[in-house]
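Structure at a glance
These are the residues of each chain, in order.
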Amino acid sequence: MTAKPIVAATDGSEHSMQTVEWAARESALRGAPLRIVSAAATTPRMAAAGSSRTGPDTVSGVLRRNRDEALEIAAARADAAAPGLLIDTDVLGGPPALAVADSGSGALMLVVGSRGAGAFTALVFGSVSRYVSSHAACPVVVVRDVPPSPQQRVGVGIGDLNDCVDALTFAFEEAALRKASLTVIHAWEAPPVGISRAGESFTGPSPHHVEEEATKQIGGFLDSWRSKYPDVKVTQDVVHGHPARALVGLSARADLVVIGRHAAHAGRPGPGAVRHAVLNHAHGPVVTVPST
C-alpha cells in the first residue's frame, strides 16, 4: 500500500458524495488510503461570531453541523463503495478554496466535484473546484459525471511537445494501471486569413499540410513512450478545431481525460481558458496535472 493518500472533498451534496465514491474506488485500485475533507463556508464575520456563539441556533453552528454530518455520511458511502479501505476524515479551517487546495499537499491526487446542492452551495463549491484545479500542488480530478460503465480508455491532450511530460507521464501511468488504451489528442486551429495593406490576401500552410506534419512529429515523439509502456495501446489523433471542443468530445468516451496546467496560466486567457472550458463541459472526470 502506498503511504500517499487520495484526498476527496465533500460539501454534503449528492454530487459530492458520488465524487467521494469515485475517489474511494480509485484509492482501492491503487492500494492507497482515502482522506475525506470538508470546510464550512463561513464568512469572516460569521466565523468571528461563532467564536462566542457556537450553538446549533446560529448560522455558523448549522454550517459546522452540516459539515460534520457530511463527513460522516461521506465516510459511510466510501466504505460501501470500497469495503476495507483505510478512510480518514478531516475538518478544514479557513476559506474553503484555499483550505481544500492546501489539503492536497503530498497527496496522490485531490478529487473534487463540479457542483454542489442548491443555488448558494453550488456557487460556493463550483468556485472551490475552479480554484483548486488551478492552484493545488498535486494532480486534481474534477468529477462532473461518472461513466455508467468503464470505457477502458484514458485520454490526454497535448499542445507544446516540449512542455507535456508531466501530463503524458500521468496519462500513461493511469492507462497502465487501468489496463486501458490511451488516446493522445493534439488539436489546432488554422490561422485566420489576413489582408495586407496592399490589398493582397495571405494564409498560412494548408490544413492538410499542418495535420500531416503534426501527425508525423507527434508519432515520433510518442515512440519512446510506447517503448517505456509496451502494454499500453496508444492511438494519436490530430484534430483541426478548438482544443477544448476536442477534449470535451474525448471525455464522452474515456474514463479519464488528462490535461496539463501551469501556475502562470491560472485565470488568464490561453491554456488556462482551454482548461476551464473543458472542466465546465466535460462528460466525465478530468484531471489537471501541474508541471514541475
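The written sequence of each chain sets the order in which its residues are numbered from 1. Local features in a predicted model are, by the rule used here, given only for residues with pLDDT of at least 70; side-chain atom pairs are given and counted only at 80 or more, and totals for whole chains, interfaces and linings are based on all residues. Side-chain metrics rest on all non-hydrogen atoms present in the structure, leaving aside hydrogens and water.

**Notes on the overall build of the protein chain**
- Here a helix means four or more residues in a row that DSSP labels H or I, a strand means two or more in a row labelled E, and each is numbered from the N terminus. Summing up its helical and strand segments, the protein chain has nine helices and twelve strands in all.
- Restricting the contact set of the protein chain to residue pairs at least 6 apart, pairs at least 24 apart contribute 77%.
- In this description, accessible areas are obtained by the Shrake-Rupley approach with a 1.4 Å probe, and a residue is regarded as covered only by the protein chains that are shown. Element-wise, carbon and sulfur atoms account for 55% of the exposed surface of the protein chain, whose accessible area totals about 14,400 Å². Here, two residues are considered to be in contact whenever any of their heavy atoms come within 4.5 Å of each other.

**A closer look at the packing of aromatic side chains**
- When two rings of Phe, Tyr or Trp (its six-membered ring) have centres within 6.5 Å they constitute a pair, described as stacked for plane angles under 30 degrees, edge-to-face for angles over 60, and tilted for the intermediate range. Tallied over the full model, the rule gives two aromatic pairs.
- Consider the rings of Phe172 and Trp225, whose centres lie 5.4 Å apart with planes at 20°: the pair is stacked. One end of the pair, Phe172, is in helix α6 (residues 165-178); the other, Trp225, is in helix α7 (residues 207-228), with 53 residues separating them in the sequence. Residues Phe172 and Trp225 agree in their burial class; the two are buried.
- For the pair Phe172 and Tyr229, a centre-to-centre distance of 5.0 Å together with 25° between the ring planes defines the contact as stacked. In this pair, Phe172 is assigned in helix α6 and Tyr229 in the loop between α7 and β10 (234-240), connecting sequence segments 57 residues apart. Grouping residues by exposure puts Phe172 and Tyr229 together as buried.
- Aromatic rings pair up to connect Phe172, Trp225 and Tyr229 into one cluster. Partly exposed describes any residue whose relative accessible area lies between the buried limit of under 20% and the exposed limit of over 50%, with all areas from a 1.4 Å probe on protein chains only and scaled to the type maximum.

**Description of the pattern of salt bridges**
- Counted as salt bridges are all cases of a side-chain nitrogen of Lys or Arg within 4 Å of a carboxyl oxygen of Asp or Glu. Considering all chains together, one arrives at ten salt bridges under this definition.
- With its nearest N and O atoms 2.9 Å apart, the salt bridge here joins Glu26 to Arg178. You can see Glu26 sitting in helix α1 (residues 14-30) and its partner Arg178 sitting in helix α6, a full 152 residues away along the chain.
- When the shortest N-O distance is used, the salt bridge between Lys216 and Glu213 registers 4.0 Å. Here the residue Lys216 and the residue Glu213 both occupy positions in helix α7, the gap between them amounting to three residues, near one helical turn.
- Three or more residues are tied together by salt bridges with common partners; here these are Glu26, Arg30, Glu174 and Arg178.

**A closer look at the nonpolar core**
- For our purposes a nonpolar core is just a set of buried Ala, Val, Leu, Ile, Met, Phe, Trp, Tyr and Cys residues, chained together by side-chain atoms within 4.5 Å. One finds Leu34, Val111, Val156, Leu168, Leu182 and Val258 to be the most contacted residues of the largest nonpolar core, which totals 46 residues.
- For this core, the leading source of residues is α6, giving six residues.
- By size, the runner-up hydrophobic cluster in this structure holds 32 residues, among which are Val7, Ala187, Leu247 and Ile259.

**A closer look at the pairing of strand β4 (residues 109-113)**
- In terms of burial, β4 is largely enclosed, as five of its five residues are buried.
- Judged by which residues are buried, β4 turns out to be covered on both faces: Met109, Val111 and Gly113 on one side and Leu110 and Val112 on the other are all buried.
- Strand pairing requires that DSSP identify at least two bridges connecting the strands. Here β4 pairs with strand β5 (residues 140-143) via four bridges, running parallel. When the bridges of β5 are listed, Val112 appears paired with Val142.

**Some points on the packing of α1 against α6**
- Lines fitted to C-alpha atoms define the axes here, with helix axes fitted over just the stretch in contact, and angles between the N-to-C directions of these axes take values from 0 to 180 degrees. Two elements in contact, α1 and α6, have axes whose closest approach is 11 Å; the angle formed by their N-to-C orientations is 80°. For the element pair α1 / α6, the angle class is roughly perpendicular. On α6, the residues that touch Trp22, Glu26, Leu29 and Arg30 of α1 are Glu174, Leu177 and Arg178.
- The residue inventory of the contact of α1 with α6, partitioned by class, reads three nonpolar, no polar and four charged. In these notes the angle categories are as follows: under 35 degrees is roughly parallel, over 145 is roughly antiparallel, 65 to 115 is roughly perpendicular, and the rest is oblique. Just so you know the grouping, Ala, Val, Leu, Ile, Met, Phe, Trp, Tyr, Cys and Pro go in nonpolar, Asp, Glu, Lys and Arg go in charged, and all remaining residues, Gly too, go in polar.

**Thoughts on the environment of Ser13**
- Turning to its location among the elements, Ser13 is positioned in the loop between β1 (6-9) and α1.
- Residue classification places Ser13 among the buried residues on the basis of a relative accessible area of 3%.
- Sequence spacing of Ser13 and Gly113 is 100 residues, and the spatial spacing of their C-alpha atoms is 9.5 Å.
- A polar side-chain atom of Ser13 sits 2.7 Å from a polar atom in the side chain of Asp11. Any pair of nitrogen or oxygen atoms within 3.5 Å is treated as a polar contact; in protein, a donor-acceptor pairing is required on top of that, and neighbouring residues in sequence qualify only through side-chain atoms on both sides.

**Re the confidence of the model for the protein chain**
- pLDDT gives the predictor's per-residue confidence on a scale running from 0 to 100. Overall, the prediction assigns the protein chain a mean pLDDT of 83, with 79% of residues at 70 or greater.
- Per-residue pLDDT stays below 50 along residues 118-125; that stretch engages in 13 contacts with residues further than four places along the chain or on separate chains.
- Segment residues 264-271: pLDDT under 50, and eight contacts once partners within four positions in sequence are set aside and those in other chains are kept.

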